[in-house]
Each structure stands twice: as structure tokens, then as C-alpha cells.
Amino acid sequence: MDAQAFVKEQIDDIKKSVGNGLAINALSGGVDSSVVTVLGHRSLGSQLKTVFIDNNLMRKGEPQRVVQLFSQMGIPVDLVDSRAEFMKALKGLTDPEEKRNAITRTFYATVFGRLVRETGAKFLVHGTILTDIEETVAGIKRQHNILSQIGIDPEKEYGYQVLEPLKTLRKDGVREVAKFLGLPSEITARIPFPGPALATRIVGEVTEERLATVREATAIVEEELGDTGAFQYLAVLLNDRATGIVRGKREFGQIIVIRCLHSVDARTATPVEVPWKKLAKICERITAIKDVNRCLYDLTPKPPATIEYI
Ligand code: XMP
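Here's what I pulled together on the structure shown here. Everything numeric in this text was worked out from a predicted model, so none of it was measured. (Residues numbered from 1 in each chain as written. Predicted model: local features only at pLDDT ≥ 70, side-chain atom pairs only at ≥ 80, totals over all residues. Heavy atoms only, no water.)

1. Some details on unusual backbone geometry
With an omega of -15 degrees, the peptide bond running from Lys302 to Pro303 counts as cis. Looking at the secondary structure, you find Pro303 in the segment after strand S9 (292-297). Here the bond from Pro303 into Pro304 is cis, since omega is 10 degrees, no more than 30 degrees from zero. We note that Ala197 has phi near 50 degrees; this positive angle belongs to a residue other than glycine. Counting through the fold element by element, Ala197 comes out in the loop between helix H9 (185-188) and helix H10 (208-225). Positioned with a positive phi, Arg247 is a non-glycine residue whose angle comes to about 45 degrees. Structurally, Arg247 is set in the loop between strand S6 (232-246) and strand S7 (249-262). (Helix = DSSP H or I, 4+ residues; strand = E, 2+ residues; numbered from the N terminus.)

2. Remarks on the packing of aromatic side chains
Within this structure, the stated rule accounts for four aromatic pairs. Taking 6.3 Å as the distance between ring centres and 35 degrees as the angle between the ring planes, the aromatic pair formed by Tyr108 and Phe112 counts as tilted. On the criterion of helical spacing, the pair formed by Tyr108 and Phe112 is a turn pair, its members being four residues apart in helix H5 (residues 96-119). On the accessibility criterion, Tyr108 (1% relative accessible area) is buried. Every member of this aromatic cluster is reached through a ring pair, and the members are Phe107, Tyr108, Phe112 and Tyr160. For the cation-ring pair, Arg59 lies above Phe193, with the distance from its terminal atom to the ring centre recorded as 3.7 Å. (Phe/Tyr/Trp six-rings, centres within 6.5 Å; stacked < 30°, edge-to-face > 60°. Buried < 20%, exposed > 50% of the residue type's maximum accessible area, 1.4 Å probe, protein only. Lys NZ or Arg CZ within 6 Å of the ring centre and 35° of its normal.)

3. Examining the side chain of Ser82
Relative to the helices and strands, Ser82 is located in the loop between strand S3 (77-81) and helix H4 (83-90). On the basis of relative accessibility, which here comes to 1%, the residue Ser82 falls in the buried class. Apart from residues no more than four positions distant in its own chain, Ser82 is found in contact with Ile53, Asp54 and Val111. (Contact = heavy atoms within 4.5 Å.)

4. Some details on the pattern of salt bridges
Inspection of every chain in the model, using the stated rule, returns 20 salt bridges. Linking Lys60 and Glu216 is a salt bridge whose minimum nitrogen-to-oxygen distance equals 3.3 Å. Of this pair, Lys60 sits in the loop between strand S2 (48-54) and helix H3 (62-72) while Glu216 sits in helix H10, and the two are 156 residues apart along the sequence. With its nearest N and O atoms 2.7 Å apart, the salt bridge here joins Glu134 to Arg170. (Salt bridge = Lys/Arg side-chain N within 4 Å of Asp/Glu carboxyl O.)

5. Regarding the nonpolar core
Within the largest apolar cluster, 83 residues are counted, with the highest numbers of intra-cluster contacts made by Val35, Ile53, Phe70, Phe112, Leu166, Ile258 and Ile286. The dominant element in this core, judged by the number of residues it contributes, is H5, at eight residues. The residues contacting Phe112, other than those within four sequence positions of it, are Ile24, Asn25, Ala26, Val51, Ile53, Phe107, Leu124 and Tyr160. Core analysis: the second largest hydrophobic core is formed by 10 residues, Ala242, Ile255, Leu261 and Ala269 among them. (Core = buried A, V, L, I, M, F, W, Y, C linked by side-chain atoms within 4.5 Å.)

6. What about the pairing of S2?
The buried count for S2 comes to six of seven residues, which makes it a mostly enclosed element. Of the strand pairs in this sheet, strand S1 (residues 23-26) and S2 are connected by four bridges, and their pairing is parallel. Each bridged residue has a counterpart across the sheet, and for Asn25 the counterpart in S2 is Thr50. The handedness of the S1 to S2 crossover, carried by helix H2 (residues 31-44), is right-handed. Where S2 meets S3, five bridges bridge the pair, whose relative direction is parallel. In the strand pairing of S3, Phe52 is matched with Leu79. Taking the sense of rotation as the criterion, the β-α-β connection linking S2, H3 and S3 turns out right-handed. (Pairing = 2+ DSSP bridges. Right-handed = clockwise from strand over helix to strand, strands pointing away.)

Okay, structure coming up:
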């Protein structure tokens, strides 16, 4: 791929589509939305408003860190606190697709709809990539960020048009473009993190308490497995319990699953042979989290499994 030609073409396209109008984009700090943010700002400057929507499902310190990183690059990002709205939408839901659907609706219809009305933006610049479209069309999963592909007309339903400059690229292509754009390695080398965030790693209901558990486990896994060079590593909270003994007492506690995978483009993935010592250390740290007494390592490749659990 010719990154330079790609960037030029996309910048021209965005300028042409938006004209003198106003556009908005949501940044998550992942490589896809980060590339879109830089492309958008190079195309539109102050005609683009970038927001970071805090959905309460992000990793430790993530919203503040992302806003800070972009501000260092001269790109202003508004942090929008929507934590309560997402928690309300997820309350009582346990079905994976219902959870994804609630997050999609809250994101686009409730929060974005409101921001679009407030700002008068007529365009949403979005980081959809080819794999998202393929898997949604194939019925493997309803990716949270797909609208027109699943029969929702965003203009009719939410009042804006969606521009998807990355829709012909896979993850490896996006990373190439990110490097070409000079994004810092904290972003270009960042492991993929799904739009519905930690909700994809909680089997069953998403509650504040369960989020705190998986957030803590995620921080440990990212610290311990960062040096593996793996494509992705994550922690999942199961909706099951197991008996354990904590400080001499029986406890029916939580179970955390660790996943660490090699992959090029997330379409297929194989488990990494993490050294036993490292796994044992992770297990020790994970089971020190309140209420957690089991830690499992998942050996399943994709397929038959997916990378995330919902
Ligand atoms: P799965 O779990 O389908 O994940 O094997 C494939 C890759 O996509 C990420 N993923 C998502 N990314 N929105 C995203 O932006 C989503 O709804 C979503 N679901 C999964 C996942 O982390 C993996 O890298």
C-alpha cells in the first residue's frame, strides 16, 4: 500500500464531502479512530470537532490519557462524560447482542445525536475498517460501529452523514498509515481495543462492581504481557463462580480468563505460548483482586473462538 497516496486521496475526499460544513468525530485512542482524527484535522482544521465519549467502559485512566496525547499533538479533544447513560442502558442486560445493541444505540442515537444537534455537525467521520464490514455482513458479529451496513440510515435516523475513510483497509494497513502520519508509538503500537470496550470482556451483566474487577485484571494483563509482542492480550470476567479458599475460608468467587494471541488482521488468531513462570505470576496477581479466586489461560484459536467473549 502507498500510504502517502492513500492519505492524500482521503484528505481530498473528506474536504470535498464536507465543503464548508461542520463535522464531528469520536476518538477512542485506538489506532483506527486516531488515524481518522488526524486525517480529519488535516482535512478540516477547526471545521472538525473531536470528542472522546467516556462510556464508563474504558481501561484505567484511558479517557484522560487519550485527551492529553492529542492535546500534545495540537488537536483539541472534548471529553464528554456519558458514564451514567451507558450504565443505565446496560442495566439488566446479559445477552451479548443486546448489550452490543444498547451500546450502539446509546453511542449513536442518544449521545452522538445530542452532540450533533448541539454542534450543528452534518458529518460524522468514522473509523470503520474492512474487517468490521466483512464480519458484520457475514453475520459473525454485529460490530458496534456499523450503521448503513446493518440497514440503519444515519441521516434519516440521527441526522448526519457518515464518512468512513478507512473502510478499504485492514488493521495492518491502518497501522502503516498511522506511522506515515507520525502518530506516536503509544498509539501506533497499541493493541486493538474494541469499541464496546470492557463490555466485550464481561460475560453477563455489566455492573460497576464487575467493571472494576475486569478493569483491574486488564491493567495487570497489559502490564505483564506488553513485552510478548503479541497482537492482543486481554482479561475476561466470566458469569460463573467457583469455590476457592481465601484466608482459610471457603469462598464462591469470580473467574478471570486470560487471552494472549498472535494475529495479523484479527480474522484468525492463535494463542501465544506464554512462559509458565509469567502465567503463574499473572495468576498470582489476578487472584489477589477482591473476590477473584481462579485465573484461567484460554488456548482456543480463532476460529472456532472469537477474540473477545461477547
Ligand atoms: P472478535 O472478538 O470478533 O474480534 O474476534 C476481532 C477484533 O475486533 C475487535 N472487536 C471490535 N472492535 N468494535 C470494534 O471496534 C467492536 O464491536 C469489536 N468487537 C471486537 C477485537 O478486539 C479484535 O481485535
